[in-house]
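Report on the structure
Residues per chain are reported as follows:
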Amino acid sequence: IRPDFGAVEHDRVPLKVTLHPAKRHSFDVGIGYSTDTQGRVSMVWRTPLVNRYGHSQETRVAYSEVNPGGRFVYSIPLQHPVNDVLHLSALLEDDEYGDIDSRQQEVGALREMRGSRWLHSYSVRALEESWQIKSTQYSKFYTLPGFAFSRSDRSGSVVDPADGFSQFYKVEGGSEYLGSDVDLLRLTANFSFIRTPWPAHRLVARAALGAVFFSGSELSDLAPSLGFFAGGSQSIRGYAYQSIGKEIQVTREDGSPQTLTVAADRLVTGTLEYQYYFTPNWRGAVFVDAGDAFNEGEFDAMFGPGFGIHYISPVGAVRVELANGVSENSGQWRLV
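These notes cover the structure that comes with them.

Reading the values: rules and limits
Residues numbered from 1 in each chain as written. Predicted model: local features only at pLDDT ≥ 70, side-chain atom pairs only at ≥ 80, totals over all residues. Heavy atoms only, no water. Salt bridge = Lys/Arg side-chain N within 4 Å of Asp/Glu carboxyl O. Buried < 20%, exposed > 50% of the residue type's maximum accessible area, 1.4 Å probe, protein only. Helix = DSSP H or I, 4+ residues; strand = E, 2+ residues; numbered from the N terminus. Core = buried A, V, L, I, M, F, W, Y, C linked by side-chain atoms within 4.5 Å. Contact = heavy atoms within 4.5 Å. Pairing = 2+ DSSP bridges.

Here's the deal with the pattern of salt bridges
The full count for this structure, using the stated rule, is 18 salt bridges. Between Arg 60 and Glu 58 there is a salt bridge, with the nearest N and O atoms lying 3.3 Å from each other. On the basis of relative accessible area, Arg 60 is assigned to the partly exposed category, the value being 35%. Between Glu 172 and Arg 125 there is a salt bridge whose closest N-O contact spans 2.7 Å. One end of the pair, Glu 172, is in strand 11 (residues 161-174); the other, Arg 125, is in strand 9 (residues 119-133), with 47 residues separating them in the sequence.

So, in structure tokens, the structure goes:
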């Protein structure tokens, strides 16, 4: 983009725009660390233009000790090249949920339509998930049609907005008539609010809600990825990643009792955070997180207050935080 200053009229500067074709393929290799998933290495292969119809693909492979996996997404523009796109996907991933080791195999289709303010999507996915609790192996298949809608309003920097409000809602259902092993209805909602009432002072509030209703009553009826867990840097800080859920009692081989954390059918979490900017790129934060992942009628709020320091990098905030799970009898400070 080049300004043509020789053709200025009435304080308006014409711009000359020259277009060049994008590279046929791009590859990104990354390495990182978070307290949730530990060390991570990843590779992403993108083909922004597969053919003259505007199709594209993205293949992502990532390895971490907690959740290694890979995802392939093939995108097809429909009535608009950006605002109406069909995504075809395939996923293979291992996850650690509480005391459960799970493997997910999934294929799906999602149509994403962007309006003037709202983003709508309609989807269907076929999920086969197997998981293990102690020495018992479980496996279920689900066919899950659903829809979601979301909206994000913000002002200021893209990576560090001064004000904003985002909202996301999703509904998924499964039925034995559609091939699922279990009838279920899953509802989720997420909210995030940001406000800068005075220069250098920023307030952040977040909330996550979830509920799943299903026809079964046994552990083998609800896959871990369809239930709910809490804890970790994006949830209730002060508690380990996905360590909060429904607790069950089992017996060890030596006959002693053991408490295990498994998927819950309800989720309520929230955050209140105050941030103060020492410089445009450095800020401090104090916060309190609260909530629970629980079964209906068993809500027991967990609290995780803490503090931290954030560096605002060109790609987003790098955070170092300490939080305490004060609801535990032996609550300890955790690096988040």
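Still to come is the rest of the account.
With respect to the nonpolar core
In terms of nonpolar packing, the biggest core is built from 30 residues, with Ile 100, Trp 131, Ile 133, Tyr 142 and Leu 226 touching the most fellow members. Breaking this core down by element, the ones donating at least two residues are strand 9, strand 10 (136-156), strand 13 (201-214), strand 14 (246-251) and strand 15 (257-262). Leave out the neighbours within four places in its chain, and Tyr 142 touches Arg 125, Ala 126, Leu 127, Trp 131, Ser 180, Val 182, Leu 184, Asp 221, Leu 222, Ala 223 and Leu 226.

Details of the pairing of strand 11
Alignment of strand 10 against strand 11, held across 11 bridges, turns out to be antiparallel. Each bridged residue has a counterpart across the sheet, and for Ser 152 the counterpart in strand 11 is Ser 166. As defined by bridge partners, strand 11 adjoins strand 12 (residues 184-198) across 11 bridges and the pair is classed as antiparallel. By the bridge assignment, Phe 165 is partnered in strand 12 with Phe 193.

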